[in-house]
Amino acid sequence: MHKDYQRGDDDLINLAAIKTLAQGGKVYVSSYNGLSEAGDDNGSVKALFRY
């Protein structure tokens with residue numbers, strides 16, 4: 001992780017959502033306005049892992 005975008009960077013939250021969907025999981029966005037860039041003190045991601 002680094003502060004500024006660099007060529008070839010991937011958004012890890014999007015990647016996690018894509019992988020979850022590919023495995024038959026479900027992805028929900030609870031508050032799009034509440035999302036922030038990585039590195040901000042008020043950003044968070046919630047997850048429930050079941051197997």
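Data block above holds the structure.
My aim in this report is to walk through the structure given alongside it, one point at a time.

**Here's the deal with the overall build of the protein chain**
Regarding its fold elements, the protein chain presents 1 helix and 0 strands. Within the protein chain, the proportion of its 51 residues that are buried is 0%. For the protein chain, the exposed surface amounts to about 5700 Å²; the carbon and sulfur share of it is 52%.

**Observations regarding helix α1 (residues 12–22)**
The N-capping residue of α1, defined by a side-chain oxygen 2.9 Å from the backbone nitrogen of Ile13, is Asp11. Residue Gly24 follows α1 closely and has a positive phi angle near 90 degrees.

**A word on a nonpolar patch on the surface**
Side chains of Met1, Leu12 and Leu15 sit close together on the surface and give an oily, nonpolar patch of about 390 Å² of accessible area. Note on placement: Leu12 falls in helix α1.

Parameters at a glance
Residues numbered from 1 in each chain as written. Predicted model: local features only at pLDDT ≥ 70, side-chain atom pairs only at ≥ 80, totals over all residues. Heavy atoms only, no water. Helix = DSSP H or I, 4+ residues; strand = E, 2+ residues; numbered from the N terminus. Buried < 20%, exposed > 50% of the residue type's maximum accessible area, 1.4 Å probe, protein only. Areas by Shrake-Rupley, 256 points an atom, 1.4 Å probe, with all protein chains shown as cover. Polar contact = N/O pair within 3.5 Å; in protein donor to acceptor, adjacent residues only side chain to side chain. Patch = residues over 30% accessible without salt bridge, like charges linked within 9 Å, V, L, I, M, F, W, Y side chains within 5 Å. Salt bridge = Lys/Arg side-chain N within 4 Å of Asp/Glu carboxyl O.

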